[in-house]
Amino acid sequence: MDGDSSTTDTTQLGITGEYMTGGTYVLQTQDDDGDESFNDHEDGNGSKDYFREQDIYLPIANVARIMKNAIPQTGKVISGNFKNVSCNLGSKDAKECVQECVSEFISFMTSEASERCHQEKRKTINGEDILFAMSTLGFDMYVEPLKLYLQKFREAMKGEKGITPVTVSEGLGEELTDESFTGQLPAGLITADGQQQNVMVYTTSYQQIPGVQQIQFS
Amino acid sequence: MSGKNMEEKVEQATNSKNISLPVSRVRLIMKSSPDVSCINQDALFLTTKATELFVQHLALSSYKNGSGKETNTLSYSDLANVAEETETFQFLTDILPKKILARDYLKSLEEMEKDDENL
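How each quantity is defined
- Residues numbered from 1 in each chain as written.
- Chains lettered and ligands numbered in written order.
- Predicted model: local features only at pLDDT ≥ 70, side-chain atom pairs only at ≥ 80, totals over all residues.
- Heavy atoms only, no water.
- UniProt positions renumbered as here; feature names shortened; annotations may be inferred.
- Helix = DSSP H or I, 4+ residues; strand = E, 2+ residues; numbered from the N terminus.
- Buried < 20%, exposed > 50% of the residue type's maximum accessible area, 1.4 Å probe, protein only.
- Contact = heavy atoms within 4.5 Å.
- Areas by Shrake-Rupley, 256 points an atom, 1.4 Å probe, with all protein chains shown as cover.
- Salt bridge = Lys/Arg side-chain N within 4 Å of Asp/Glu carboxyl O.
- Expected span 1.5 Å × (residues − 1).
- Polar contact = N/O pair within 3.5 Å; in protein donor to acceptor, adjacent residues only side chain to side chain.
- Axes fitted to C-alpha atoms, helices over the stretch in contact; angles between N-to-C directions.
- Parallel < 35°, antiparallel > 145°, perpendicular 65-115°, else oblique.
- Nonpolar A, V, L, I, M, F, W, Y, C, P; charged D, E, K, R; others polar.
- pLDDT = per-residue confidence, 0-100.
- Core = buried A, V, L, I, M, F, W, Y, C linked by side-chain atoms within 4.5 Å.
- Phe/Tyr/Trp six-rings, centres within 6.5 Å; stacked < 30°, edge-to-face > 60°.

By the naming in an unreviewed UniProt entry, chain B is Chromatin accessibility complex protein 1, taken from Cyprinus carpio. According to UniProt, the comment filed for chain B under the heading Subcellular location (unreviewed entry) is "Nucleus". Here is the UniProt Function (unreviewed entry) comment for chain B, exactly as written: "Forms a complex with DNA polymerase epsilon subunit POLE3 and binds naked DNA, which is then incorporated into chromatin, aided by the nucleosome remodeling activity of ISWI/SNF2H and ACF1. Does not enhance nucleosome sliding activity of the ACF-5 ISWI chromatin remodeling complex."

The name given to chain A in an unreviewed UniProt entry is Nuclear transcription factor Y subunit beta, and the organism recorded there is Cyprinus carpio. Its UniProt record gives chain A the following Function (unreviewed entry) comment, quoted word for word: "Component of the sequence-specific heterotrimeric transcription factor (NF-Y) which specifically recognizes a 5'-CCAAT-3' box motif found in the promoters of its target genes. NF-Y can function as both an activator and a repressor, depending on its interacting cofactors." The record held by UniProt for chain A lists under Sequence similarities (unreviewed entry) the comment "Belongs to the NFYB/HAP3 subunit family."

(A) Seen up close, the overall build of chain B. Within chain B, the regular secondary structure consists of six helices and one strand. Along chain B, helices and strands appear, N-terminal first, in the series α-α-β-α-α-α-α. For chain B, buried positions account for 46% of its 119 residues. For chain B, contacts bridging at least 24 residues in sequence account for 29% of all contacts bridging at least 6. Counting every atom, chain B has about 6,400 Å² of accessible surface; 49% of that belongs to carbon and sulfur.

(B) Local environment of the overall build of chain A. Across its full length, chain A holds seven helices and three strands. Per-residue burial over chain A gives 32% buried out of 218 residues. Looking at chain A as shown, the accessible area adds up to about 14,300 Å², and 50% of this sits on carbon and sulfur atoms.

(C) Focus on the pattern of salt bridges. If you walk through the whole model with that rule in mind, you get seven salt bridges over all chains. The salt bridge involving Glu 120 of chain A is made with Arg 116 of chain A; its shortest N-O contact spans 3.5 Å. The exposure class assigned to Glu 120 of chain A is partly exposed, which follows from its relative accessible area of 40%. A salt bridge links Asp 42 of chain B to Arg 154 of chain A; the shortest N-O distance between them is 2.2 Å. With Asp 42 of chain B in helix H3 (residues 41-65) and Arg 154 of chain A in helix H6 (residues 140-158), this pair bridges two chains. You can call Arg 154 of chain A partly exposed: its relative accessible area is 40%. Among the charged side chains, a network of salt bridges with common partners joins Arg 116, Glu 120, Arg 122 and Asp 129 of chain A.

(D) How the structure looks around H3 of chain B. All names here are of chain B. Between its terminal C-alpha atoms H3 stretches 36 Å, which fits the 36 Å expected from 25 residues at 1.5 Å a residue. Of all the 25 residues making up H3, 19 are buried; the element is thus mostly covered by neighbouring parts of the structure. Measuring from the side-chain oxygen of the N-cap residue of H3 to the backbone nitrogen of Asp 42 gives 3.1 Å; that N-cap residue is Asn 40.

(E) Expanded view of the packing of H3 of chain B against helix H5 (residues 76-85) of chain B. Residues and elements named next belong to chain B. It is the contact of H3 with H5, at a shortest axis distance of 8 Å, that shows an interaxial angle of 100°. As far as their axial angle goes, H5 and H3 are roughly perpendicular. Mapping the contact onto sequence places Leu 58, Ser 61, Ser 62 and Asn 65 in H3 and Asp 78, Leu 79, Asn 81, Val 82 and Glu 85 in H5. Its residues assigned to classes, the contact of H3 with H5 shows three nonpolar, four polar and two charged.

(F) Up close: the confidence of the model for chain A. All names here are of chain A. When the pLDDT values of chain A are averaged, the result is 66; 41% of them are 70 or greater. Residue range residues 1-7 is modelled with pLDDT below 50. Its contacts to residues more than four positions away, or to other chains, number 17 contacts. Across residues 166-199, confidence stays below pLDDT 50; counting only partners more than four residues off in sequence or on other chains, it has 49 contacts.

(G) Here's a closer look at unusual backbone geometry. Positive phi values are uncommon outside glycine, yet Lys 121 of chain A reaches one of about 60°. Relative accessible area serves as the criterion here: at 77%, Lys 121 of chain A is assigned to the exposed category. Non-glycine residue Asp 35 of chain B carries a positive phi angle of around 65°. Note on placement: Asp 35 of chain B falls in the loop between helix H2 (23-31) and strand S1 (38-39). Of the residues examined, Asp 35 of chain B reaches a relative accessible area of 57% and is grouped as exposed.

(H) Summary view of the nonpolar core. Within the largest apolar cluster, 62 residues are counted, with the highest numbers of intra-cluster contacts made by Phe 105, Met 134, Phe 139 and Tyr 142 of chain A together with Phe 54, Leu 58 and Leu 92 of chain B. Secondary-structure elements contributing two or more residues to this core are helix H3 (60-70), helix H4 (92-119), helix H5 (127-136) and H6 of chain A together with H2, H3 and H5 of chain B. Looking at which element gives the most residues to this core, the answer is H3 of chain B, with eleven residues. Leaving out residues up to four positions away in the same chain, Met 134 of chain A has contacts with Phe 105, Met 109, Phe 139, Asp 140, Tyr 142, Val 143 and Leu 146 of chain A together with Ala 50 of chain B.

(I) Up close: the packing of aromatic side chains. Counted according to the given criterion, the structure contains eleven aromatic pairs over all chains. Note on Phe 108 of chain A and Phe 91 of chain B: the rings are 4.5 Å apart at their centroids and 20° apart in plane angle, and the pair reads as stacked. Of the two residues, Phe 108 of chain A is situated in helix H4 and Phe 91 of chain B in the loop between H5 and helix H6 (102-118); the pairing between them involves two chains. Assessed through its relative accessible area of 16%, Phe 91 of chain B is described here as buried. Ring geometry for Phe 139 of chain A versus Phe 91 of chain B: centroids 6.0 Å apart, planes at 80°, classification edge-to-face. Of this pair, Phe 139 of chain A sits in the loop between H5 and H6 while Phe 91 of chain B sits in the loop between H5 and H6, placing the two residues on different chains.

This is the structure we're talking about:
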């Protein structure tokens, strides 16, 4: 995929733009991590011509799994045995539909949060904006649980010195926090034994330095 | 740090963060909104998590509201119904139109044409 957003201006390229615009692009990223680059160009117009917002969905498998886990399993007796049966999500229809609803939901929240952000003359959408949007748009009931999750998330982040998990690194391109840089650095200092803590420097001709223990290699 | 210790730590962290949706994809969808420039880490996490809650919420509401309880099925029409009937989900009515059987639609078309002819 062409990552350079400057090439989307077809007049510059001198070609008809038909193959670039107006198509429906359903994004299939194999490697979710690596594909961020084309999206990082901040000139608002360029990258958005590639796709329409309604065509980007979350993976159907993930969505279906969450749906199934949300619906209570019923006990059914099947050929004499008691079995726990999870809900039948019917044809792909219901699942695909929820996929679309999800994208709609995200866009809905984001545009509301974005608006608030702009009103306050800020450029970066932060957590507060999102929570505010939830509250405004009738998803008040999510706010408290979300705050708790955020707390847990932050704690998990702090405890992970040296581990950079995939799920978090995506966001680092936007705003780098202090936490993202804490890592355990291996100790690189070699100190000599003795009363004085000196770094041993080995030279071809060494002098007897008072207070420093000499190390002899045999 | 031993290998096992590391594993435990990662697992613990993943469970605490507890996300089952791809964050990068969520970010992509967010960025496709007009005038969105930067999204901070918290916002991204909250949106992803909220989306999970939303899926659960939508699925459960549709199921409870729908006729599938006896048959243990969640169908499209359950979703369409809940969108129309619940205020919270009303923003979805455009993308969840109630479906009509093709033959019923064709019938009503025929009837409209007849009416036109009669005029």
